[in-house]
Amino acid sequence: MAFRLDNVVPWGRNIDEYQKMFMLSDSDMKKRIAGFGDGPASFNYQATKQGFSVTSFDPIYQFTKEQIAERIKKTRVVVMEQMKLNMENYVWTDIKNLDELENRRMSAMKMFLDDFEQGKAEKRYIYHELPSKINLPDNSFDIGLSSHFLLMYTSLGYDFHIRSISEMLRVCRQIRIFPIVDLDAEKTELTENVISYFNKKYSVKIVDTSYEFQKGENKMLIIE
Ligand SMILES: C[S@@+](CC[C@H](N)C(=O)[O-])C[C@H]1O[C@@H](n2cnc3c(N)ncnc32)[C@H](O)[C@@H]1O
């Protein structure tokens, strides 16, 4: 089935959030990093500006800057309405209120949009849809990240996850996935099954992180 922008709710996080979610140390930041499903996050732009090497992969990168901007504009109100209805499910310490949340997300997505065309020309934003094979050799990256994509959308199913993570592990020496719960921040059988599968051939660890916005989402999975 063709990938449709109408099905995506673009909502990008920034570099501080990525560093906390994935416990990225100063030495991690100096490694070759790939982000899968980075969408409109500003991690790539902000890391590149600081001299680090980040390559982002996402199917939305097939669309133009204007098309992505239009989709962000359309979904912004809907997402904020949903957040207002579900405020008790979030921890309001780092982000203090809805206005701060909206400002932070919109500022991250603006940074992404302003950088998108240049980043695409520099091959920092690559149009790619997991679990397809990536057109790069094995171990092209040291660390591969997935923020708020893999393990969260359980409806994508077990096979999708096994194939996607296997392909990420082909091009990355280590991968980190955050969070490891579903969209309602509930523990899932999918995460348990994925861990059992990769435990047979890889080192698999669950690590507590210093990031928790949705209550219960403070753990990441490391596979290497
Ligand atoms: C909720 S957003 C997360 C964006 C970003 N990682 C962040 O945390 O700010 C999920 C992203 O997954 C992307 N996505 C959806 N299907 C995908 C696939 N098959 N392969 C890679 N990325 C996909 C979407 O386009 C979207 O940008």
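I will try to describe carefully the structure that is included in this document. (Residues numbered from 1 in each chain as written. Predicted model: local features only at pLDDT ≥ 70, side-chain atom pairs only at ≥ 80, totals over all residues. Heavy atoms only, no water.)

1. Quick look at the site of the ligand
Test applied: Note on definitions. A residue lies near a molecule or strand when any single heavy atom of the residue is within 4 Å of it. The definition of a polar contact used here is a pair of N or O atoms within 3.5 Å, where within protein one atom must be able to donate a hydrogen and the other to accept one, and adjacent residues in sequence count solely through side-chain atom pairs. Exposure was quantified through the Shrake-Rupley algorithm and a 1.4 Å probe, taking into account, for residues, occlusion by the shown protein chains and nothing else. Residues are grouped as follows: nonpolar covers Ala, Val, Leu, Ile, Met, Phe, Trp, Tyr, Cys and Pro; charged covers Asp, Glu, Lys and Arg; every other residue, Gly included, is treated as polar.
Residues in close proximity to the ligand total 20 residues, the closest being Arg-13, Gly-37, Asp-58, Leu-130 and Ser-147. The side chain of Asp-58 places a nitrogen or oxygen atom 2.7 Å from an oxygen atom of the ligand. Ser-147 places a side-chain nitrogen or oxygen 2.4 Å from an oxygen atom of the ligand. Coverage of the ligand by the protein amounts to 91% of the 600 Å² it exposes when considered alone. Per-class residue counts for the shell around the ligand are eleven nonpolar, five polar and four charged.

2. Side note on the sheet that holds strand E1 (residues 32-36)
This is how it is decided: Here, strands pair whenever DSSP counts at least two bridges between them. In this text, helices come from DSSP runs of H or I with a minimum length of four residues, and strands from runs of E with a minimum of two, each type numbered from the N-terminal end. To obtain each axis, a line is fitted to C-alpha atoms, and for helices this fit is confined to the stretch in contact; angles are then taken between N-to-C directions over 0 to 180 degrees. A contact between two residues is defined here by any heavy atoms of the two lying within 4.5 Å.
Here seven strands make up an open sheet; going across it, the order is E3-E2-E1-E4-E5-E7-E6 and the pairing mixed. Edge strands, defined here as strands with exactly one partner in the open sheet, are strand E3 (125-127) and strand E6 (204-208). If you compare each strand with its neighbour and ignore which way they point, the axes differ by 20° on average. On the sheet, helix H6 (residues 158-171) packs against E1, strand E4 (141-147), strand E5 (172-178) and strand E7 (219-223) and is oriented at approximately 140° with respect to E5.

3. Some thoughts on the packing of helix H4 (residues 65-85) against helix H5 (residues 98-121)
Condition: Roughly parallel means an angle under 35 degrees; roughly antiparallel means over 145; roughly perpendicular covers 65 to 115; every other angle is labelled oblique.
Close contact between H4 and H5 brings their axes to 11 Å; oriented N to C, the two are set at 170°. Our classification of the angle between H4 and H5 gives roughly antiparallel. Between H4 and H5, the residues in contact are Lys-65, Ile-68, Ala-69, Ile-72, Arg-76, Met-80, Met-83 and Lys-84 and Leu-98, Leu-101, Glu-102, Met-106, Met-109, Phe-112, Leu-113, Asp-114, Phe-116 and Glu-117, respectively. Split into classes, the residues belonging to the contact of H4 with H5 amount to twelve nonpolar, no polar and six charged.

4. Points about helix H7 (residues 189-199)
Spelled out, the test is: Think of it in three bands: with a 1.4 Å probe and only protein chains considered, a residue is buried below 20% of the maximum accessible area for its type, exposed above 50%, and partly exposed in between. In this description, one arc is meant: the one made by directions from the helix axis to the C-beta atoms.
Leu-190, Thr-191, Val-194, Ile-195 and Phe-198 are the residues of H7 that are buried. Summarising the axial view, the buried residues of H7 lie within an arc of 135°, below the 170-degree limit, and thus occupy one face. Opposite the buried face of H7, by more than 90 degrees, sit the exposed residues Glu-189 and Glu-192. If you follow the buried residues of H7, they end up packed against H6, E6 and E7.

5. Structural notes on the packing of aromatic side chains
Each aromatic ring pair is described using two quantities: the centre-to-centre distance and the angle formed by the ring planes. Spelled out, the test is: Ring pairs shown here join Phe, Tyr and Trp side chains whose ring centres sit within 6.5 Å, with only the six-membered ring taken for Trp; geometry is labelled stacked below 30 degrees between planes, edge-to-face above 60, and tilted in between.
In total, this model carries 18 aromatic pairs according to the counting rule given. Judged by centre distance (4.5 Å) and plane angle (10°), the ring pair of Tyr-18 and Phe-43 falls under stacked. Taken together, the residues span a long stretch of sequence, with Tyr-18 in helix H1 (residues 15-21) and Phe-43 in helix H3 (residues 43-49) at a distance of 25 residues. Taking the centre distance of 5.2 Å and the plane angle of 40° together, the rings of Phe-112 and Phe-116 count as tilted. Pair noted here: Phe-112 and Phe-116 are both in helix H5, with a separation of four residues, about one helical turn. Its relative accessible area of 0% is what places Phe-112 among the buried residues. Taken together, Tyr-61, Phe-112, Phe-116 and Tyr-125 form an aromatic cluster joined through their ring pairs.

6. Quick word on the pattern of salt bridges
Close approach of charged atoms allows side chains of opposite charge to pair. Where we set the bar: For salt bridges, the criterion is a side-chain nitrogen of Lys or Arg within 4 Å of an Asp or Glu carboxyl oxygen.
Tallied over the entire structure, the rule returns 16 salt bridges. Between Arg-105 and Glu-17 there is a salt bridge whose closest N-O contact spans 2.9 Å. Pair noted here: Arg-105 is in helix H5 and Glu-17 is in helix H1, with a separation of 88 residues, a long-range link. Each member of the pair, Arg-105 together with Glu-17, is buried. Across the pair Arg-173 and Asp-142 runs a salt bridge, and its minimum N-O distance is 3.8 Å. Pair noted here: Arg-173 is in strand E5 and Asp-142 is in strand E4, with a separation of 31 residues, a long-range link. Its relative accessible area of 48% is what places Arg-173 among the partly exposed residues. Looking at Asp-142, the relative accessible area reads 19%, which means it is buried. Within the structure, one salt-bridge network assembled from shared partners comprises Glu-17, Lys-20, Asp-94, Arg-104 and Arg-105.

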